[in-house]
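Understanding the architecture of this molecule
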Amino acid sequence: MIFRMFLPITFASTIAASVVFGEGLGDAGKGTKIFSKCKSCHRIGNGAINRVGPHLNGIFGRKAGTIDGFAYSKSMVRAGVDGLVWTAETLDAYLENPKSLVSKTRMNFRGLKNPQARADLLAFLRGYSDEPINIPEAEPTATKTDLKIDPAILTIKGDPEYGEYLSGECKTCHQSGGEDDGIPAITKWPEEDFAIAMHAYKQKLRPHPVMQMMAGRLSDEEIAALAAYFKDLE
Amino acid sequence: MKMNRRSFIGTVTAATATLSAPMVMGSGKPRVVVVGGGAGGATAARYIAKDSKGGIDVTLIEPSRAYYTCFFSNLYIGGLRDINSISHSYGTLATNGVNVVHDWAIGVDRAAKTVSLAGGGTVPYDKLILSPGIDFVEGAVEGWDTSAQNAMPHAYKAGSQTELLKAQIMAMPQGGTFAMVAPPNPFRCPPGPYERVSMVAHLLKANNPTAKIIVADPKPKFSKMSLFQEGWAEHYEGMIDWIGEDFGGGNVSVDPAAMTVTIDGELTKVDACNVIPAMKAGHIAHLAGVTDGNWAPVNAADMSTKADPDVYVLGDSSQQGDMPKSGFSANSQAKVCANAVRGALTGSKVFPAKFSNTCWSLIEINDGVKVGATYQATPEKIAKVDGFISKTGETAEVRKATYEESVGWYTGITADMFG
C-alpha cells in the first residue's frame, strides 16, 4: 500500500501522537453524533459496504476516488489521479465545502461550517482508518485499536549496526531497495512509526501472523535497532 | 547420484567451464570459499562480500550459470510461471565482489584447507561454507536410480527435470494416470510434493479433466496436510488418491521401462511418474568428511560443522535441529553464518543467532497457504521458538492475500540471494 510512504510525513506529527495516545483531532464521541448526518449515504465499521456514497473504512491515507466498484464522479476520479489523498487536512477542506475541493463531486452535502464539528467528525472517522500502528501495511481497520506502549520505549536510541544484522530476517521478504511487489516497503520510515508498527505486531494488535511472529521475539532494543537501520536505508 | 546437485545441468557446464581468476590469491586478505550457489550459498557469499566491504576474498563455486529456484518451480508445472521467471544468473554477485567460479568442487582437503575443482587446480580457504543442497539416497525406491530420471523424473532440483516432468504430464492421454512417489522424512521442502500434486491437478483439470493422480507416500501425515486435503476436496474432487503409510504407501516399487508403479502389491500402469526418493546431503559434504550418516551435523550458533570449526554447512545438507529444509531456512542460516564467519576473520561484531522460516504453498490459483516459525540457537540444536500455520476454512480473500504475499517473498528472497 503505497500511501503509507507519505502518511507519516503528512500527519505523523499531529495524528500519530494524538490519536494513538489519546487527545487529538476532536472528540470522537461527539463525532459519532455528527456522523448521523452522513449515515443516509455512507457506511462505516465492520462489514461496511458502498451505498449511495462509498464506505468510509480506511479513508485516511486513501487516494481519492479509488474504492473498487464504486461509481465516482469523473471529477473525483481525476482528483485522485492528480494526487488528492485524504488526510486530516484535505478531509477538513472537503467537509467544509465539498464542491470547493472537488468541483463536480456527486456528494450532495452543503458542508460543515463549524471547525470543531469537523474536527470531531474527523476524530470519529479516524478510528476506522489505519493508524500509525498499522504502518506500513495492514488490512483496513474496521475496529479501533488499543496499543499500550510506554513512551519511554520510543525514545530508545537504536544501534543501526545491530539493526543491519537483524534486518537480514526482514530482507528475506522485504526488499532492501524499497520496492513493493506484494510485500510492502519498510525503508525510510520515521523511527517512531517503525517502532510503533513493530510493537503493535508484537502485541498482536496488527493481524499479520508472520509479522506477529517476527516481532514477537524482538526486544525493545532490537526494534529500536531495526528502526534506526531502516530509517536511512537507501 | 555420482555428482553433487544439479548434475543434470552440470554435466554440460562442468566440461565447458573454464577456470578464471580466482586462483590468484596472495592478497593477504582472509579467504572464504562457498560451494553451491543456492539460497544458502549465494546469500552467504553476498553478505560476506557486502558486509566486509572488500576485506574478505569471497569465492563462490557453482557449476550452473543459470540457477533455477526449486521454490516456485511447482508454479511453473501448474502453468502459472514461465521457466525463465525462476531462473537467475550470478552476474550481479560477480560485479559486487564475489569471485564466481562455474565449476564442480570435487574434493576438500581439510588439512591443507583447499577445495579441488573438476576443471583442475585448487582453491585455498580460511573458512569453507558448503551449501550443496540435496542428493538422493541410492536404492531408496525399488526399481529407480538416477539413470531412470528421464523416464521418471524427480524434478526435485529445478530446471530441465522440471521441464521434463511438465512435458510428460502434458503428453498424458485423456483419462491417464499420473503417479508420485513421495519421499520419507527428512527431505527438502516438506510441503513441496503436495504443492506439486496441487499444481499437477490444476494443470490436468484444464487439459485432461478425467485424469487421475495417485500419490504413494511412506509417511502417515505430511506438512499442511489438513489444508491440502481441504483444498483438494474443494478444487480437485475425485482426482487425487493419496495413499499414506497406513495403506501401504511406503511399500512401493517402480518399473521405468514398463512405466508401472506397484503400491503394496498392486500394479498400476501410469502415463507419467514423479519419483522423489529419500534424500541426503549434497555429495561434496560427504566428500569433505563432515557428514554423519545422511546429513552434516552443525552447531546452531554459527552453522559450523561438528567435524571441523572451519567448515560450515548451510541449508538442506545440514542437520541442525528443528528447521525444515527450505530455501527460506537456508537463507536465514546463511546470514547467521555470514555474520559469524566475518567476525571470526575480521574481528567484526558477532550478534546472536536468530533464525526464521516461512513456507508458502499454492493449492489452486489465488488459494495460498503458509506455515512458519522462528528459531533460536541452543547448545544442542536450532530450536523452535514460536510458529503459526494457515487455518482451514479461511476466506478466499485471505488465501489470495497469502498467495500475493508469496509472490512478494519470491522477489524479496531472490534479490537477497543474488543482489
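Because the structure is predicted, anything quoted here is derived from the model rather than measured.

A few words now on the interface of chain A and chain B. The interface of chain A with chain B comprises 19 residues on the first partner and 26 residues on the second. Counting residues per element, the ones that place at least two in the side of chain A that touches chain B are α7 (160–171) and α9 (209–216) of chain A. Here the side of chain A that touches chain B takes six residues from α7 of chain A, the largest share from any one element. Tallied by class, the residues present in the side of chain A that touches chain B amount to eight nonpolar, six polar and five charged.

Next up on the list: the packing of helix α2 (residues 41–52) of chain B against helix α10 (residues 396–418) of chain B. All names here are of chain B. Packing of α2 against α10 leaves a shortest axis separation of 7 Å and a crossing angle of 55 degrees. In terms of orientation, α2 and α10 fall into the oblique class. Within the contact between the two elements, α2 uses Ala 42, Thr 43 and Arg 46 and α10 uses Asp 416, Met 417 and Phe 418. Residue composition of the contact of α2 with α10, grouped by class: three nonpolar, one polar and two charged.

Before going further, it helps to spend a moment on the sheet that holds strand β11 (residues 177–181) of chain B. Residues and elements named next belong to chain B. Strand order across the open sheet formed by four strands is β13-β12-β11-β17, with parallel pairing between neighbours. Of all the strands in the sheet, just β13 (240–243) and β17 (272–275) have a single pairing partner and so form its edges. Recorded for the sheet is a direction-independent mean angle of 15 degrees between the axes of neighbouring strands.

Residue and element names in this part refer to chain B. Every second residue of strand β15 (residues 260–263) is oriented toward a common face, the buried set being Val 261 and Ile 263 and the non-buried set Thr 260 and Thr 262. Where strand β14 (residues 252–255) meets β15, four bridges bridge the pair, whose relative direction is antiparallel. Paired with Asp 255 across the bridge in β15 is Thr 260. Hairpin remark: β15 followed by strand β16 (residues 266–269), antiparallel, with two residues in the connecting loop; positive phi at Asp 264, about 50 degrees.

Further remarks concern the packing of helix α8 (residues 191–202) of chain A against α9 of chain A. All names here are of chain A. Across the interface, α8 lies against α9 with an axial gap of 7 Å and an inter-helix angle of 100 degrees. When the axis of α8 is compared with that of α9, the two are roughly perpendicular. Taking contact as the criterion, the partners of Met 198, Tyr 201 and Lys 202 in α8 are, on α9, Met 211, Gln 212, Ala 215 and Gly 216. The residue makeup of the contact of α8 with α9, split by class, is four nonpolar, two polar and one charged.

All names here are of chain B. Along the chain, Val 341 turns up in helix α9 (residues 327–346). Residue class for Val 341 comes out buried when judged on the 30 C-beta atoms lying within 10 Å of it. In sequence terms Val 341 and Tyr 312 are 29 residues apart; their C-alpha atoms lie 9.2 Å from each other. Excluding residues that lie within four positions of it along the chain, Val 341 makes contacts with Val 32, Ile 48, Lys 127 and Tyr 312.

Residue and element names in this part refer to chain B. Here we have three strands laid out as an open sheet, ordered β6-β7-β8, and antiparallel in their pairing. The open sheet has two edge strands, β6 (105–109) and β8 (122–124), and neither has a second partner. On average, adjacent strands in this sheet sit at an angle of 25 degrees to one another, irrespective of strand direction.

With that settled, the discussion passes to the pairing of β11 of chain B. All names here are of chain B. With respect to burial, β11 is a largely interior element, four of its five residues being buried. In this structure, β11 lies alongside strand β12 (residues 212–216), joined through five bridges in parallel fashion. Across the sheet, the residue bridging to Met 180 is Val 215, located in β12. One crossover worth recording links β11 to the parallel β12 by way of helix α6 (residues 192–207), and it is right-handed. Bridge analysis of β11 against β17 gives four bridges, and the strand direction is parallel. From the neighbouring strand, Val 181 faces β17, where its bridge partner is Val 275.

Turning to the confidence of the model for chain B, a few remarks are in order. Low-confidence regions, as indicated by low pLDDT, have predicted coordinates that should not be scrutinised in detail. All names here are of chain B. Summarising the model, chain B shows a mean pLDDT of 93, and 94% of its residues fall at 70 or more. The low-confidence segment residues 1–25, where pLDDT is below 50, has 62 contacts with residues more than four positions distant or belonging to other chains. For this predicted complex, the interface score ipTM comes out at 0.81, while the overall pTM is 0.77.

All names here are of chain B. According to the domain assignment, chain B contains domain 1 (7–135 + 279–353) and domain 2 (138–275). Its C-alpha centre places domain 1 at a distance of 30 Å from the equivalent point of domain 2. Taken together, the contact pairs 21 residues of domain 1 with 22 residues of domain 2. When residues of the side of domain 1 that touches domain 2 are traced back to their parent elements, those giving at least two are α1 (7–16) and α3 (73–77).

Turning next to the environment of Ile 149 of chain A. All names here are of chain A. Within the secondary structure, Ile 149 is located in the loop between α6 (115–126) and α7. Residue Ile 149 is classed as partly exposed on the basis of its 17 C-beta neighbours within 10 Å. Between the C-alpha atoms of Ile 149 and Gly 61, which are 88 residues apart in sequence, the distance is 23 Å. Look past the residues within four positions of Ile 149 in its chain and what remains in contact with it is Leu 154, Ile 196 and His 199.

Definitions and limits used
- Residues numbered from 1 in each chain as written.
- Chains lettered and ligands numbered in written order.
- Predicted model: local features only at pLDDT ≥ 70, side-chain atom pairs only at ≥ 80, totals over all residues.
- Contact = placed C-beta atoms within 7 Å.
- Helix = DSSP H or I, 4+ residues; strand = E, 2+ residues; numbered from the N terminus.
- Nonpolar A, V, L, I, M, F, W, Y, C, P; charged D, E, K, R; others polar.
- Axes fitted to C-alpha atoms, helices over the stretch in contact; angles between N-to-C directions.
- Parallel < 35°, antiparallel > 145°, perpendicular 65-115°, else oblique.
- Pairing = 2+ DSSP bridges.
- Buried ≥ 20, exposed ≤ 12 C-beta atoms within 10 Å, placed from the backbone.
- Right-handed = clockwise from strand over helix to strand, strands pointing away.
- pLDDT = per-residue confidence, 0-100.
- Domains from an automatic or database assignment.

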